[in-house]
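The residues making up each chain are set out below.
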Amino acid sequence: MPVSARPALGAISSVFLACVCLPHASRILAGTALTALVMAVSAHAQSATTALSAATTQTTRTYNIAAQPLSSALLSFGKQSGLQMTAPGELLRGVKTGGVHGQLTSGQALGQLLVGTGLSYAPSGNGTVVLTKASANITLGPVKVGGVVNIHEAAIGPGVGYVATYTDAGTKTDTPITEIPNSVYVITKQEILDQQAQTVNEALRYMPGVYAEQLGTANVTTAAGNANGTGSVMMRGFAATQYVDGIMSRTISAGETAFIERVEALNGPASVLYGQVGPGGLIATRLKQPGETPVHNVSVGFGNWGRYEATFDVGDKITKSGNLKYRIAGIGVTQGSQTDYLHYKRVGVLPSIKWEIDNKTSLTLIGEYMYTPSSPQGYGYPGVGSLVPGLHGYIPRSRFLGDPSLNEDGQKDTAFEYQFQHKFNKFLDFQQTFRYEDSSTNNNQTYLRGALKADQTINRSAWRRASSNVTVALDSKVIGHLNTGDVKQTLVAGMDFRRVNIVQNLEYDINGVDPINIWDPVYYLTYPNYSLNSPDNIRWQNMRESQYQSGVYFQDQIKWGRLSVLLGGRQDWYNYEATVITANNYQASGHGVITEPHVSDRENSLRSKFTWRAGLTYNFDFGLTPYFSYATSFIPQTGSFQYDGQATQPLNGKQFEVGLKYLVPDTNILLTAAAYDIKENHYQITDTEHPGYQADAGTVTSKGVELSAHANITKDLRLTASYSFNETRVTKSNNTVYLTDMYGNAIGPNDGAISEQGKYVAGLPRNMVNMFVDYTLPRKIFNGLGVNFGIRYIGSTYADNANSYKVPAYLLFDVGAHYDFQNASPMLKGLRAQVAISNLANTRYVTSCSSGDSGGMCYYGQAQRIYGNFSYSW
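Think of each chain on its own: its residues are numbered from 1, step by step along the sequence as written. Local features are withheld for residues below a pLDDT of 70 in this predicted model, meaning they are given only at 70 or higher, and side-chain atom pairs are given and counted only at 80 or more; totals for whole chains, interfaces and linings count all residues. To get the side-chain values, take all heavy atoms of the structure and skip hydrogens and water.

For the rest of this paragraph, the subject is the nonpolar core. Only buried Ala, Val, Leu, Ile, Met, Phe, Trp, Tyr and Cys residues count toward a nonpolar core, and they belong to the same one when joined by side-chain atoms within 4.5 Å. Three labels apply to residues, based on accessible area from a 1.4 Å probe with only protein chains included: buried if under 20% of the type maximum, exposed if over 50%, partly exposed otherwise in between. Ranked by internal contacts, the top residues of the largest apolar core, which has 24 residues, are Leu387, Ile518, Val846 and Cys849. At the level of secondary structure, the elements contributing two or more residues to this core comprise β49 (846–850) and β50 (857–860). Sorting elements by how many residues they give to this core places β50 first, with three residues. Ignoring anything within four residues of it in the chain, the contact list for Leu387 reads Tyr394, Met742, Tyr805, Lys806, Val807, Pro808, Val846, Cys849 and Cys858. Only DSSP runs of H or I covering at least 4 residues are called helices, and only runs of E covering at least 2 are called strands; the numbering of each starts at the N terminus. Contact between two residues is taken to exist if any of their heavy atoms lie within 4.5 Å; hydrogens are not considered.

Here you go:
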């Protein structure tokens, strides 16, 4: 096209976009005439260009266009993309769009804008695009216009800056967060990188409603846990569960941020879709997998406590057409910890391949291997010396109260996963995810037992464990799309299955380890004897356990205009089979009494439960969405028994939630507010009268409020902030609890005995406030230097369920900086340096304490952590 023609074409297109906003009659006449003129001019350029420029089809931008008439949405799209849009006026009359949100190419964003409109588009050269009827079925780059526009990557991908507006975890369909009637919070990949979070627990520090480090450094390398808990993560007062790609995970590799694309918190009951999940919610992570955008990144890092780390993340097309892609991520790390003799070593790899078999079918294969020969699982400390000063002040955080000769804690994880999707037609999809995990753990350690004695020593016992668990899980679902007049429905019908086989061998030497002086420890004097011929108290326990879970679920997402209704139900079946063989050598009057190995416990139980949820949202045109929901939850408590020999009862929960979500129009700012009321029956606590057993606490009620903000205020300024208030109390109980001091001594009348009813649940802060801001300074002055700052406030907690004494609140500060070297020289494009400091003031704080037989055991939080790295992307 001649250069002189280009301004004319742009002017014509601009005039037309103004005309589409004119009254009805003039819009038709102007649109028809001007489009004809544009097409005539473009015909001369057909040999010069047949597609949008590479800059507009491959470069991603942040789009945030609300649902509105298509004509006005195209105006906003033109401003944000830099493209000129033309269309016959009659094509736009009465047509509305659902909007577009996220970091997308212009082709992807325009395709998403046109979903459900019956329109497609055709490039006409020089940044001009002509809208046509969808029957044109034009293919542009990776977006299949006129066919299926895939927004799945927006729902499972890394997000944009600090904002993600779509989720797959909340409904098991690709749904805008503003159309889900409960709290869903997303930690994007950029936020993880800016904070330099090294575990999922660290990434959750700024998440509303989540207390991620209740046990401090006693559980620092993993957020994965068993079926009833995710490490030390608490959500709305209840133990969390972790899911990886929609499947419950029991591996420590689930907490490795180098393998994760995003982290989501589904606050509140999620049993309808996921089965056995507590009423507080679940943590959902997405593993890295091939996407539309190539990835080429390597990094080397360093930090205090001798940390050295190297990672790589590479992904691209295998075939020229791009229907076959690969991605492989890896990590190697070694470091010490704030506690002497505790070291951390890990190496892992995550390869994946995605095969787009045709435009309706895809298959993704993901493998995973993680070897952690050394994991710094920390210890608690006596409350006297950690929570309050002891004989010589405070115990140093570096103090190791175990023994270096008994310091084994290693894990090995292997996993395989496939994700299959097929679209039969525009009405029906089929999706299936399969995951296999094989995890093994070896421990040989000591642990503290009893209260601090007058001679400043505390008793210790030794234990060792060899365990393995294998999980096989499958989730299959059919998704239907129905339009009946103005009513649009997304129907989900699915079934899932999970089998977990656990083998665990435990050995305890109760009295064979010398006490340790907390102020002057002596090491290498511990030689436990796990033989039943030992004169010490010995306990063996060999357990074989199988868990079978299956469920069928359904869900209906109904959308009528701005009103969205969500209905769902699930029937769960859970079967548990276990055999526990124990052998004991108990000392009686100073003489060993040996009992032969025997089957101490064999359980075979079948539980079933129906759970459901219902909710609605209303999306106002100015971005505000009020919502209301009700949901129930179910967790069978198999494998644990009360002192009277009765199996613990299943946990049954229910929640009411109301809230507001506000996606500020024409911005990338998402604000939310939620209020909830949760009740759970048969809440389990430690039986203080009978150590080693669980007690039914009765009914626990959790009430609270959560406020949050996720914002890309400008391209250089990003922010996340939240406030959480939670009050978790025992509201109905017949249990007796005991007031004690930090030495384990009873205080008050009746040996400290009081009713548990009305008491706060221990270890849960009522108030949490946090904020994290990242700002890239003006490039003309600071050459691309960026800084960030975070603040975290955790309110006080009670040390035990008798509310004997409190653990004080604490305030922490995090800072960081980053620099892109391409601002110094174009030759250094892709090179980036970064440093992050958490707990800037090196504040000494206690995250939580426990009382009772332990005599007031407390857990130190993380000291000042410094981590920096150099990364290179190409």
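For the rest of this paragraph, the subject is the side chain of Thr611. Relative to the assigned elements, Thr611 resides in strand β33 (residues 598–618). Judged by its relative accessible area of 1%, Thr611 falls in the buried class. If near-sequence neighbours (up to four positions away) are discounted, Thr611 is found in contact with Ser271, Val272, Gly569, Arg570, Thr632, Ser633 and Phe634.

This paragraph deals with helix α4 (residues 70–81). Between the first and last residue of a helix there are one fewer steps than residues, each counted as 1.5 Å, and that sum is the expected span. Helix length check: α4 (twelve residues) gives 16 Å between terminal C-alpha atoms against 16 Å at 1.5 Å per residue, within 8%. Leu70, Ser71, Ala73, Leu74, Ser76, Phe77, Gly78 and Ser81 are the residues of α4 that are buried. Following α4 by one or two positions, Gly82 adopts a phi angle in the positive range, close to 80°.

It is worth spelling out the sheet that holds strand β25 (residues 381–382) at this point. Strands are labelled as partners when DSSP assigns at least two bridges between them. The strand order across the open sheet formed by three strands is β25-β50-β49, and the pairing between neighbours is antiparallel. Bordering the open sheet on either side are β25 and β49, each of which pairs with just one other strand.

The next thing to look at is the sheet that holds strand β16 (residues 241–244). Spatial ordering of the open sheet is given by β12-β18-β19-β16-β17, a layout of five strands whose pairing is mixed. Strands with a single pairing partner mark the edges of an open sheet, and in this sheet they are β12 (183–187) and β17 (247–248). The pairing of strand β18 (residues 260–267) with strand β19 (residues 281–287) spans seven bridges and is antiparallel. Across the sheet, the residue bridging to Glu264 is Ala284, located in β19.

It is worth spelling out unusual backbone geometry at this point. Despite not being glycine, Tyr341 shows a phi value in the positive range, around 75°. Here Tyr341 shows up in the loop between β22 (324–335) and β23 (344–358). Positive phi, normally seen in glycine, also occurs at Asn839, with a value near 55°. With respect to the secondary-structure elements, Asn839 resides in the loop between β48 (831–838) and β49.

For the rest of this paragraph, the subject is the packing of aromatic side chains. Geometry of aromatic contacts follows a simple scheme: Phe, Tyr and Trp rings, the Trp one being its six-membered ring, pair when their centres are within 6.5 Å, and the pair is stacked under 30 degrees between planes, edge-to-face over 60, tilted otherwise. Scanning the model with the defined rule gives 22 aromatic pairs in all. For the ring pair Phe400 and Tyr523, a centre distance of 6.1 Å and an interplane angle of 45° mean the geometry is tilted. With a gap of 123 residues between them, Phe400 in the loop between β25 and β26 (408–423) and Tyr523 in the loop between β29 (487–517) and β30 (538–560) connect regions that are remote in the sequence. Arranged with centres 5.5 Å apart and planes meeting at 15°, the rings of Tyr760 and Tyr798 form a pair that is stacked.

In this description, the term disulfide denotes a pair of cysteine sulfurs within 2.5 Å. All chains considered together, the criterion is met by one disulfide. With its sulfur 2.0 Å from that of its partner, Cys849 forms a disulfide with Cys858. Here the S-S torsion is close to 105°, and the disulfide linking Cys849 with Cys858 is therefore right-handed.

This part takes up the pairing of strand β21 (residues 307–317). Walk down a regular strand and you will see the side chains alternate between the two sheet faces. Sheet topology places strand β20 (residues 295–303) next to β21; nine bridges connect them, and they run antiparallel. Its bridge partner lying in β21, Phe302 is registered against Tyr308. The hairpin turn running from β20 into β21, its antiparallel successor, is three residues long, and Trp305 in that turn takes a positive phi close to 60°. Relative to β22, β21 runs antiparallel, the two being bridged by ten bridges. When the sheet's bridge partners are listed, Asp316 is paired in β22 with Tyr326.

To get an axis, fit a line to the C-alpha atoms, keeping to the stretch in contact for a helix; angles then go from 0 to 180 degrees between the N-to-C directions. Look at α4 against helix α6 (residues 106–113): their axes get within 11 Å of each other, and the N-to-C directions meet at 170°. When the interaxial angle is binned, α4 and α6 end up roughly antiparallel. Side by side, α4 and α6 meet where Leu70, Ala73, Leu74, Phe77 and Ser81 of the first sit next to Ser106, Ala109, Leu110 and Leu113 of the second. For the contact of α4 with α6, a count of residues per class yields seven nonpolar, two polar and no charged. Note on angle classes: values under 35 degrees are labelled roughly parallel, values over 145 roughly antiparallel, values of 65 to 115 roughly perpendicular, and the remainder oblique. Charged residues are taken to be Asp, Glu, Lys and Arg, nonpolar residues to be Ala, Val, Leu, Ile, Met, Phe, Trp, Tyr, Cys and Pro, and polar residues to be all remaining types, Gly included.

This brings us to the pairing of strand β27 (residues 428–449). As defined by bridge partners, β26 adjoins β27 across 16 bridges and the pair is classed as antiparallel. Each bridged residue has a counterpart across the sheet, and for Gln419 the counterpart in β27 is Thr433. Adjacent in sequence and paired antiparallel, β26 and β27 are bridged by four residues.

Once that is clear, we can look at the environment of Ala415. Within the fold, Ala415 resides in strand β26. Residue Ala415 is classed as buried on the basis of its relative accessible area, which comes to 7%. Note: C-alpha distance between Ala415 and Thr251 (164 residues apart in sequence) is 8.9 Å. In contact with Ala415, other than residues within four places in its own chain, are Ile366, Gly367, Glu368, Arg435, Tyr436 and Glu437.

Glancing now at the environment of Val807. Within the element layout of this structure, Val807 appears in strand β46 (residues 806–807). Linking Val807 and Leu387, residues 420 residues apart in sequence, is a C-alpha distance of 7.2 Å. Ignoring sequence-local partners within four residues, the contact set of Val807 consists of Leu387, Ser796, Thr797, Val846, Thr847, Ser848 and Cys849.

A carboxyl oxygen of Asp or Glu within 4 Å of a side-chain nitrogen of Lys or Arg is what we treat as a salt bridge. Across all of its chains, the model carries 31 salt bridges by this definition. In this structure, Arg570 engages Asp496 in a salt bridge whose closest nitrogen and oxygen atoms are separated by 2.7 Å. With Arg570 in strand β31 (residues 563–588) and Asp496 in strand β29, the pair connects residues that are 74 residues apart, well separated along the chain. A salt bridge links Asp820 to Arg832; its shortest N-O distance comes to 3.3 Å. You can see Asp820 sitting in strand β47 (residues 810–820) and its partner Arg832 sitting in strand β48, a full twelve residues away along the chain. Judged by relative accessible area, Arg832 falls into the buried class, the value being 18%. Connected through salt bridges with shared partners, the residues Asp194, Arg718, Asp774, Asp820 and Arg832 form a single ionic network.

Topologically, Glu356 is positioned in strand β23. Residue classification places Glu356 among the buried positions, given a relative accessible area of 17%. Any pair of nitrogen or oxygen atoms within 3.5 Å is treated as a polar contact; in protein, a donor-acceptor pairing is required on top of that, and neighbouring residues in sequence qualify only through side-chain atoms on both sides. One polar contact links Glu356 to Lys325, side chain to side chain, over a distance of 3.4 Å.

Only residues above 30% relative accessible area that lack a salt bridge enter a patch, with like-charged residues linked at up to 9 Å and the nonpolar side chains Val, Leu, Ile, Met, Phe, Trp and Tyr linked at up to 5 Å. Using a 1.4 Å probe, accessible areas were evaluated by the Shrake-Rupley method; residue-level cover was limited to the displayed protein chains. On the surface, a cluster of nonpolar side chains totalling about 410 Å² of accessible area is made up of Phe424, Phe427, Leu428, Val478 and Leu482. Tracing the backbone shows Leu428 in strand β27. Residue Leu428 is classed as partly exposed on the basis of its relative accessible area of 33%.

With respect to the helices and strands, Arg61 occurs in strand β1 (residues 60–65). Classification of Arg61 as partly exposed rests on a relative accessible area of 29%.

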